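Chain and residue survey
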Amino acid sequence: MKRSAFAAALLVAASPVAVDAAPATMISATPVAGAPEGARAYRVLYRTQTNRGATQANALVIIPRGPAPRAGRDTVAWTHGTTGIADACAPSANAWRFSIIAGLSPLLRRGYIVVAPDYIGLGSPGPHPFLVGEDTAHAVLDAVRASRDAPRANSNGRFAIWGESQGGHAALWSGQKARSYAPELQLTGVAAAAPATDLVANIAGGSNPAVRALMTSYAGAAWSEIYGVPLKSVTGPIGQDLMRRLARQCVTLDGFKLGTKIGLARMTYVLRNVDMSTLPRWDALMRRNSVPTTRLGVPLLVAQGSADVIIGPQTTRAFVDNMCRAGQRIRFIQVAGGDHVTIAKRTADQTVAWLGDRFAGKPAPNDCPVG
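Residues numbered from 1 in each chain as written. Predicted model: local features only at pLDDT ≥ 70, side-chain atom pairs only at ≥ 80, totals over all residues. Heavy atoms only, no water.

**Overview of the state of the cysteines**
In this structure the tally under the stated criterion is 2 disulfides. Here Cys-89 engages in a disulfide with Cys-250; their sulfurs sit 2.0 Å apart. The disulfide joining Cys-89 to Cys-250 has a torsion of about -90° about its S-S bond and is therefore left-handed. A residue pair is termed long-range when its members are at least 10 positions apart, and Cys-89 in the loop between strand S5 (73-79) and helix H2 (104-109) and Cys-250 in the loop between helix H7 (232-247) and helix H8 (258-270) qualify at 161 residues. In this structure, Cys-89 and Cys-250 share a single accessibility class: buried. Between the sulfur of Cys-324 and that of Cys-368 lies a disulfide, 2.0 Å long from S to S. Because the sign of the S-S torsion sets the handedness, a value of about -80° for the bond joining Cys-324 and Cys-368 places this disulfide among the left-handed ones. One end of the pair, Cys-324, is in helix H10 (residues 313-325); the other, Cys-368, is in the segment after helix H12 (348-359), with 44 residues separating them in the sequence. (Disulfide = S-S within 2.5 Å. Helix = DSSP H or I, 4+ residues; strand = E, 2+ residues; numbered from the N terminus. Buried < 20%, exposed > 50% of the residue type's maximum accessible area, 1.4 Å probe, protein only.)

Structure (structure tokens):
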């Protein structure tokens, strides 16, 4: 089943639930059919902020059925990996909306609310800020805020964040911004599987040429619109049209269409001698949106597969080492032979247990060297 295919028949099980927008960030909550057993789900429209002003975004909110604990429900924000930058790529509007969430069943069995933001510009106004740190963090934190007003949510304001790949980048940036942007919420921990951290290494230095071409197309098309940097400065006037066409394609579960594969091959050729880190404006944007290596103030879990050709294991290891030097407590899970696509689900049991310990207030393990 292709991620880019809409499943409208599954989306709406009833009319939208109107929600008072002030002072909450939620605008509406529309019930979604096909929720996991023992849960109800809503597609939530909410307000959020970019560096260019206020906008709206969507998120999937999944709530366990039955009575909430007396202290209220804890929340896990799931930040998804790359699906694309076009409206059709919005996870909450696709049939695979639930299957993309690692560890969803055990999270719900533990009684957590699961909030899965689309981020900005996927099925909502404006361009998608692909790998734009602050805008993405705002979208994630505002999704958690909005989820508190979903019907029968009974949230207690405590939350953790777990993401993979692009979503690992989102989780880490959200962890950095949580205290200043959403001080009324209580963050307990951040988990990131194969996170994009050093964008110079992740985009400009990727080891897989086809993936590098796709990521450059997504970043180039998004950043040119957000920051006003001409695409032709990367590819020339002919390549920019190809990049824009390629950026309209969604990542799929069963591979790409033939036309997309041909476009990827052409883009790979166009970019064969291009190093974006040598282009000052693009290099500055990659560095600006790389994850800061400063302490989060809460425990961190990082998972990485040794066979990942999309997010290089050495780049993730360097990020972990830098965070250790900053005094961050880290649980670092290394999976021998683990690839990029499956790393979050392969480490889901360990991550869910780690998140549960953070909610329980247990001491966090630390794999950083002592001294």
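**Some thoughts on the environment of Lys-345**
Following the sequence through the fold, Lys-345 ends up in helix H11 (residues 343-346). Each C-alpha atom, one on Lys-345 and one on Arg-52, is 35 Å from the other, the two residues being 293 residues apart in sequence. When sequence neighbours within four positions are dropped, the list of residues in contact with Lys-345 reads Ser-99 and Ala-102. (Contact = heavy atoms within 4.5 Å.)

**Here we look at the packing of helix H6 (residues 209-227) against helix H9 (residues 280-288)**
Running from N to C, H6 and H9 point in directions that differ by 95°, and their axes come no closer than 12 Å. Here H6 is positioned roughly perpendicular relative to H9, judged by the angle of their axes. Residue-level contacts link Ala-219, Gly-220, Trp-223, Ser-224 and Tyr-227 of H6 to Arg-281, Trp-282, Leu-285, Met-286 and Arg-288 of H9. Considered class by class, the residues forming the contact of H6 with H9 number 6 nonpolar, 2 polar and 2 charged. (Axes fitted to C-alpha atoms, helices over the stretch in contact; angles between N-to-C directions. Parallel < 35°, antiparallel > 145°, perpendicular 65-115°, else oblique. Nonpolar A, V, L, I, M, F, W, Y, C, P; charged D, E, K, R; others polar.)

**Here we look at the pattern of salt bridges**
For the structure shown, the criterion picks out 11 salt bridges. For the salt bridge of Arg-244 with Asp-241, the shortest nitrogen-to-oxygen distance reads 3.9 Å. With Arg-244 and Asp-241 both in helix H7, this residue pair falls 3 residues apart, about one helical turn. Arg-244 gets classed as partly exposed once you look at its relative accessible area, which sits at 36%. (Salt bridge = Lys/Arg side-chain N within 4 Å of Asp/Glu carboxyl O.)

**Here we look at the side chain of Arg-358**
Within the secondary structure layout, Arg-358 lies in helix H12. Not counting chain neighbours up to four residues away, the residues in contact with Arg-358 comprise Thr-188, Pro-299, Pro-363, Ala-364 and Pro-365.

**A look at the packing of H6 against H7**
Taken N-terminus to C-terminus, the directions of H6 and H7 make an angle of 95°; their axes are 8 Å apart at the nearest point. By the angle class used here, H6 and H7 are roughly perpendicular. Along its contact with H6, which presents Ala-213, Leu-214, Thr-216, Ser-217, Tyr-218, Gly-220 and Ala-221, the element H7 presents Met-243, Leu-246 and Ala-247. For the contact of H6 with H7, the per-class residue count stands at 7 nonpolar, 3 polar and no charged.

**Regarding the pairing of strand S6 (residues 113-120)**
In terms of burial, S6 is largely enclosed, as 8 of its 8 residues are buried. Relative to S6, strand S4 (residues 53-64) is paired through 6 bridges, and the arrangement is antiparallel. Paired with Ala-57 across the strands is Ile-120, a residue of S6. Crossover S5 to S6 through H2 is right-handed. (Pairing = 2+ DSSP bridges. Right-handed = clockwise from strand over helix to strand, strands pointing away.)

**Side note on the packing of aromatic side chains**
Within this structure, the stated rule accounts for 5 aromatic pairs. A ring pair is formed by Phe-130 and Tyr-218, whose centres lie 5.6 Å apart and whose planes are at 65°; its orientation type is edge-to-face. With Phe-130 in the loop between S6 and helix H3 (133-147) and Tyr-218 in helix H6, this residue pair connects regions lying 88 residues apart in the sequence. Note on Tyr-218: relative accessible area 0%, which makes it buried. With a centroid separation of 6.4 Å and an interplanar angle of 15°, the aromatic rings of Trp-223 and Trp-282 are classed as stacked. Pair noted here: Trp-223 is in helix H6 and Trp-282 is in helix H9, with a separation of 59 residues, a long-range link. A residue is classified by how much of its surface remains accessible, and Trp-282, at 1% relative accessible area, is buried. (Phe/Tyr/Trp six-rings, centres within 6.5 Å; stacked < 30°, edge-to-face > 60°.)

**Digging into the side chain of Asn-289**
You can see Asn-289 is positioned in the loop between H9 and strand S9 (300-305). When its relative accessible area of 3% is taken as the criterion, Asn-289 is described as buried. Within the local environment of Asn-289, its side chain forms a polar contact with the side chain of Tyr-227, the two groups lying 3.2 Å apart. Beyond its immediate chain neighbours, meaning those up to four positions away, Asn-289 contacts Leu-131, Val-132, Gly-133, His-169, Trp-173, Leu-199, Trp-223 and Tyr-227. (Polar contact = N/O pair within 3.5 Å; in protein donor to acceptor, adjacent residues only side chain to side chain.)

**Observations concerning the confidence of the model for the protein**
With 90% of its residues at a pLDDT of 70 or more, the protein shows a mean pLDDT of 89. Between residues 1-24, whose pLDDT stays under 50, and residues either more than four places distant or in other chains, the model counts 65 contacts. (pLDDT = per-residue confidence, 0-100.)

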